[in-house]
Amino acid sequence: MPKLGLWENAIKQSADPERAREYGVQLAELRPEYFTNLSSDQARVVAALLSGSKALSELLIAKPEWLDVIEFSLLENPRRKEGLQRDIAKFLKPGLETKDYSSVLRQLRELKQREMLRIAARDLARLGNVPQITEEISNVADVCLHTVYQVALQQLTEKFGTPYAHDPATEKWIESSFCVLGMGKLGGQELNYSSDIDVLFVYSGEGACFKTKPTKNTKPLRATPNHQFYAKLAEAVIAECTRMTAEGFLFRIDMRLRPEGKTAPLARALSSYETYYAQWGQTWERMMLIKARCVAGDQGLGAEFMEMIQPFRYPRSISEQVPREVAEMKQRIENEIIKTGELERNVKLGRGGIREIEFLVQTQQVLQAGRMPFLQGSKTLPALEKLSDYKLIEKPEAARLKAAYCFLRDVEHRLQMEDNRQTHTIPEHKPTRIRLAKLMGFPDLKSFEAELQTINDDVRKAYDRFINPIASDGNAGAVRNSLPSDVAGAPDEWKKVLRAHSFRDPDHCLKLVQEFVHGPGFGHRSSRTIDHALQLLARMLEACPRGDAAPPEPFLSDPDRVLARLDSFVSRYGAQSMLYDAWVSNPSLFRLLLLAFDRSEFLAELAIRVPDLIDEIEQSGQLRRKRNTEQILEDLRAGAKEEDQHRWLRRYYQAEQMRIGLRDILDLADPEQTQSELTALADAFLTYALEVVLRKHRIKKAPFAIFGLGKLGGRELIYASDLDIIFVAESKNANLPALQKVAAQFLELLSKRTEDGATFEADARLRPDGEKGLLVNTLDAYRDYYLKRAMLWELQSLSRFRPICGNATVQKSFSDMAVEMVSFNSGKKKAAAFTANWKSEVHRMRMRIEKERTPAGQDKLAIKTGRGGLMDVEFVAQALSLENGWHEPNTLSAVARAGGENVISPESAKILSENYRKLMQVERILRRWSFEPESVLPVDAAAFYRVAVRCGYKDAATFQDVVLAQRGAIRREYLKMFDAEAK
């Protein structure tokens, strides 16, 4: 007989002494020796179990030998999943070998019941906390699912063969794989005692089943297709888990979370899931997938699934409507509960319940975890802690929510353990509520209900603070309502809208609008995606000029072209639902894309070829940062180990050209900053390319130096500028034949056009004797050439030299020599090209360029070579430098120095500088469109108007007048400089 005093004391301390005593008497009759040896701890655990669960007490009466499971030493700590797997392996392996499947499944059910008994005893005796208990229950579900999967897979493989998928790359058959993904509370390792388990079934790919391993040329013929095999496998797993036997059932399985719900196939290929979530995925599915976890089957396939859904469940940017959609979901749940009168009593779905904590956490994860990876995770409580660490939730509030979650889950568990029934509702029956209060450790019902009310209020306040205020904000509905709702059914209305917003071809543009909203072929699209498409169209229309109304700032110069480019981009991107989500949630990104399409055909084509490029640049924060040569060079050197250096350079170049171009388009950089960044990019590329070539030839010290001339020398690069460079070697010990090869490879690395495009076009024709001269020559040869044979224009070009990279000694020596050569005011020996009338020669050269390089009849359009064009200022600056012995390769710096030293009047310097900057901006915008060396405005009136808009003017006439006035002012100042020569 038991130690009556000890046992009686344990009963009195239990939540329901009467029940514990009743079941204890019955068990003592069945296992008297067990009760004889009870310790005080053991008695407390058994009494807590008997008083806490009618269903488990009756299970012990039916199987009194299972009292051995309730051993205190085995209950002090949670049981690891590996222990469960070892227990199952004892009967699984021999069962599979002998094909005794019924025995395996019977023993599995018994193991599940024993484990649930053990876990409940730990729980009721308060030997484990909520996270430990839910993880242990989840582990039991994991091992049960994996065991059932193994049994079902072997049975089906025996009947149909092994599934294989055909690899098109190798043309071989590879064995296919399958896994079970846990969702909801199973995925988050937060299962209840009587939870349904939410799962998805996924297989690796389509193919067929074969009894023997297929060879390369094997044809499927009448073999069972993979989709049929895996559908049968999913059915078998579900049937076995839910089948009721003498040992009970394993788990109820819920498949309603799968794509397309009840009507969809039970199992899908990985690619099918990818397509669905990319095109049709909804907010609730993002939140659902936060909990996804591979629980059975092939772990490698599970990892592929998790990687595939990562950008969907944790997007880097997401619609501002997410909190609104979450609030609407919760409201629908409450409306359904209100009908049954359970709103205040349902601890899961009711007001201030578990679901509100889960929704709060998951909403913040969807909104923030794409940018803050440490917020990612399937468990509620750790995610709450991370939200607190990142200051998204205040620490005291996070602590209250964590305590509330544990309390409510505790209540839920005690409700479910009573009859092993899935319930979340506190009963109306008062004696039952009193018993629940005692199970929760409260002395009476009043104090329990007061605590529950406080917790519900706290949770609801937090939920309202994080969800409802955002949910009621925004104007998405108003934006959509501003347009005709039915694109396909209201063509005339839409054409009217398009005409009103300056679209030239409404018929064609309407087709593009229809495809943008409804997708190619006008297939089924979710209402949410359609709504997002209409919002985006409204934003685009807001940027279009409209009749006589004042246009927005800035506005699109060519809406038709922008819409066409948008169509191409969306088609190339593919995952349109996710794309529209990102644009709606980040309007500045969508606006940036529209402006890029309107301001630059080159950048538009680049964006279409590399759809993520603009997004990556915008998300990285690089748009607002000016970058220098050292920073760019550091980036380039990070790719030094890349096998294909051509590809590495060209891809980096594309990204930097896009970044610089977008900064320019958004006016985040003024014209001189843009020139400076393009020059820094060129300097870094020249330096890095030289390092690559020298490394290839195993040359430790650079044998020559590279100098920039022209716009590179003056740090004035614009889009599509060539890099004028020369190579100068030391005069002693220079192996010139070998150096020619090194320089040629350097130029090829930079300028060769590949399938990834090109980088800078390096031009070495300004070297002595031009194309006929040596690519690399010595310092002495350069000195001799400039003294004896160089023409005046070559000295003028030399005045803009700048050392870029290479041998430092040569850089200094050549710089000293070059300064001497172009100092026309010095008393030292001068180059042969220097004559007393050198300035007249410079003027004649300028007039010849104006005549020969300006298209006939297009002087008004030629902003560089024409009368009063950019070259006027550049010739003035170079003449000033030559005349005064300055080394000022930058045009504006030379003009400013002349004004500062009163070589020309400060007023003249101001006129030249201001108008040069404005014309330079026009040239930059002109070249930004095509990234071609264009310096002549369009002849076509429509194209001229578009350039005017890109330059910030509302009409072409005003733009033309302003440009001509600027050029007139420049020419007047030019003539002052070359007054005698002009006469």
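Scroll up a little and you will see the structure.
All values reported here derive from a predicted model rather than from experimental measurement. Position numbers for residues count from 1 along each chain, tracking the sequence in the order it is written. Under the rules for a predicted model, residues below a pLDDT of 70 receive no local features and side-chain atom pairs below 80 are neither given nor counted, while totals for whole chains, interfaces and linings still include all residues. Where side-chain values are given, they derive from all heavy atoms of the structure, hydrogens and water being excluded.

Turning next to the overall build of the chain. Secondary structure summary: the chain contains 45 helices and 13 strands in total. Relative to the globule expectation of 30 Å for 983 residues, the C-alpha radius of gyration of the chain, 39 Å, shows a markedly less compact shape. Along the first, second and third principal axes, the C-alpha set of the chain runs to 130 × 70 × 60 Å. Counting all 983 residues of the chain, 58% fall into the buried class. Considering only intrachain contacts with a sequence separation of at least 6, the fraction spanning at least 24 residues in the chain is 73%. The averaged location of the 136 negative side-chain charges in the chain is 2 Å from the averaged location of its 142 positive side-chain charges. By the criteria applied, helices consist of DSSP H or I runs no shorter than four residues and strands consist of E runs no shorter than two, each listed in order from the N terminus. Radius of gyration here uses only the C-alpha atoms, and the compact-globule reference equals 2.2 Å multiplied by the residue count raised to the power 0.38. Here's how the labels work: a residue is buried when its accessible area is under 20% of the maximum for its type, exposed when over 50%, partly exposed in between, all with a 1.4 Å probe on protein chains only. Note on definitions: a residue-residue contact is assigned when non-hydrogen atoms from the two residues lie within 4.5 Å. Positive charge is attributed to Lys and Arg, negative charge to Asp and Glu, and no charge count is given to His or to the chain ends. Each charge is placed at NZ for Lys, CZ for Arg, CG for Asp and CD for Glu.

Any Phe, Tyr or Trp ring, taking Trp's six-membered ring, that has another such ring centre within 6.5 Å forms a pair; planes under 30 degrees apart are called stacked, those over 60 apart edge-to-face, and the others tilted. Counting across every chain of the model gives 42 aromatic pairs. Cluster of aromatic residues (ring-pair linked, three or more members): Tyr149, Phe160, Phe178, Phe201, Tyr203, Phe229 and Tyr230. In this scheme, the term charge over a ring applies when either NZ of a lysine or CZ of an arginine sits within 6 Å of the ring centre and within 35 degrees of the ring normal. It is Lys112 that lies over the ring of Phe251; its NZ or CZ is 4.7 Å from the centre.

This part covers the packing of helix α31 (residues 629-637) against helix α33 (residues 671-696). Close contact between α31 and α33 brings their axes to 8 Å; oriented N to C, the two are set at 40 degrees. Between α31 and α33, the crossing angle belongs to the class labelled oblique. Crossing of α31 over α33 shows right-handed handedness. Between α31, through Thr629, Ile632, Leu633, Leu636 and Arg637, and α33, the contact on the second element is made entirely by Ala680, Leu681, Asp683, Ala684, Phe685, Thr687, Tyr688 and Glu691. To obtain an axis, a line is fitted to C-alpha atoms, over the contacting stretch when the element is a helix, and the angle between two such axes runs from 0 to 180 degrees between their N-to-C directions. Between 65 and 115 degrees an angle is taken as roughly perpendicular, under 35 as roughly parallel, over 145 as roughly antiparallel, and anywhere else as oblique. Should the near helix be turned anticlockwise from the far one by less than a right angle, the crossing is left-handed, and should it be turned clockwise, the crossing is right-handed.

This brings us to helix α2 (residues 17-30). Expected span of a helix: the number of residues minus one, times 1.5 Å. Look at α2: 20 Å from first C-alpha to last across 14 residues, which is about the 20 Å you get at 1.5 Å a residue. Three or more residues of α2 are buried, namely Arg19, Ala20, Tyr23, Gly24, Leu27 and Ala28. The buried residues of α2 occupy an angular sector of 155 degrees when projected down its axis, which confines them to one face. The outward face of α2, more than 90 degrees from its buried face, is lined by the exposed residues Glu18 and Glu29. What the arc covers is the set of directions going from the helix axis to the C-beta atoms.

We now examine unusual backbone geometry. In the Ramachandran plot, Asn420 falls in the positive-phi region, its phi being about 50 degrees despite a non-glycine side chain. Examined against the element boundaries, Asn420 turns out to sit in the loop between α18 (395-419) and α19 (430-439). Positive phi outside glycine occurs at Asp769, with the angle close to 65 degrees. Tracing the backbone shows Asp769 in the loop between β11 (762-763) and β12 (776-778).

This next bit is on a negative patch on the surface. A cluster of like negative charges, contributed by Glu642, Glu643, Asp644 and Glu755, occupies part of the molecular surface. Here Glu755 shows up in the loop between α35 (736-751) and β11. Exposure above 30% relative accessible area and the lack of any salt bridge qualify a residue for a patch; like charges then connect within 9 Å, and the nonpolar side chains Val, Leu, Ile, Met, Phe, Trp and Tyr within 5 Å. Here the accessible surface of atoms and residues is derived via Shrake-Rupley with a 1.4 Å probe, and residues count as covered only by protein chains that are part of the display. Salt-bridge detection follows one rule: a side-chain nitrogen of Lys or Arg within 4 Å of a carboxyl oxygen of Asp or Glu.

Turning our attention to the pattern of salt bridges. A full pass over the atoms with the stated rule returns 78 salt bridges. With a closest N to O distance of 2.6 Å, Asp872 and Arg846 form a salt bridge. Taken together, the residues span a long stretch of sequence, with Asp872 in helix α40 (residues 870-884) and Arg846 in helix α39 (residues 838-852) at a distance of 26 residues. You can call Arg846 buried: its relative accessible area is 0%. Residues joined in a network through salt bridges with shared partners are Arg504, Asp558, Asp560, Arg561, Arg565, Glu601, Glu605 and Arg946.

Tracing the backbone through its elements, the reader meets Gln966 in helix α44 (residues 956-977). Overall, Gln966 belongs to the buried group, its relative accessible area being 6%. Every residue in contact with Gln966, bar those within four places of it in the chain, is listed here: Asn915, Lys918, Leu919 and Tyr953.

What follows is about the nonpolar core. Among the nonpolar cores identified, the biggest contains 99 residues, and Phe516, Trp583, Ile725, Phe727 and Phe746 are the most heavily contacted of them. Considering every element that reaches this core, the biggest residue donor is α33, with 13 residues. The nonpolar core is taken to be a set of buried Ala, Val, Leu, Ile, Met, Phe, Trp, Tyr and Cys residues, with the residues joined through side-chain atoms within 4.5 Å. Counting 86 residues, the second largest nonpolar core, distinct from the first, contains Trp7, Leu27, Leu56 and Ala296.

Viewed as axis vectors pointing N to C, α19 and helix α20 (residues 445-466) meet at an angle of 75 degrees, and their least axial separation amounts to 9 Å. What the angle tells us is that α19 and α20 run roughly perpendicular. Mapping the contact onto sequence places Lys430, Arg433, Ile434, Leu436 and Ala437 in α19 and Leu445, Phe448 and Glu449 in α20. Any residue that is not Ala, Val, Leu, Ile, Met, Phe, Trp, Tyr, Cys, Pro, Asp, Glu, Lys or Arg is counted as polar, Gly included; the first ten are nonpolar and the last four charged. Of the residues belonging to the contact of α19 with α20, the class tally is five nonpolar, no polar and three charged.

Another point: the sheet that holds strand β1 (residues 162-167). Read from one edge of the open sheet, three strands run β2-β1-β5, paired in antiparallel fashion. This sheet does not close on itself; its edge strands, each paired only once, are β2 (172-175) and β5 (207-210). Ignoring which end each strand starts from, the neighbouring axes of this sheet average 40 degrees apart. Two strands form a pair only when DSSP identifies at least two bridges running between them. Pairing between β1 and β5: four bridges, direction antiparallel. Across the sheet, the residue bridging to Pro163 is Cys209, located in β5. Sheet contacts for helix α11 (residues 226-242): β1 and β5; angle to β1, the most-contacted strand, approximately 140 degrees.

Considering the arrangement of structural elements, one finds Arg591 in helix α28 (residues 587-599). Once the C-alpha coordinates of Arg591 and Arg122 are considered, the two residues, 469 residues apart in sequence, prove to be 58 Å apart.

Our next topic: the pairing of β2. Note: β1 against β2, four bridges, orientation antiparallel. Bridge pairing in β2 places Ala165 opposite Ile174. Taking the residues between adjacent antiparallel strands as the criterion, β1 and β2 are bridged by four residues, where Glu171 takes a positive phi near 60 degrees.

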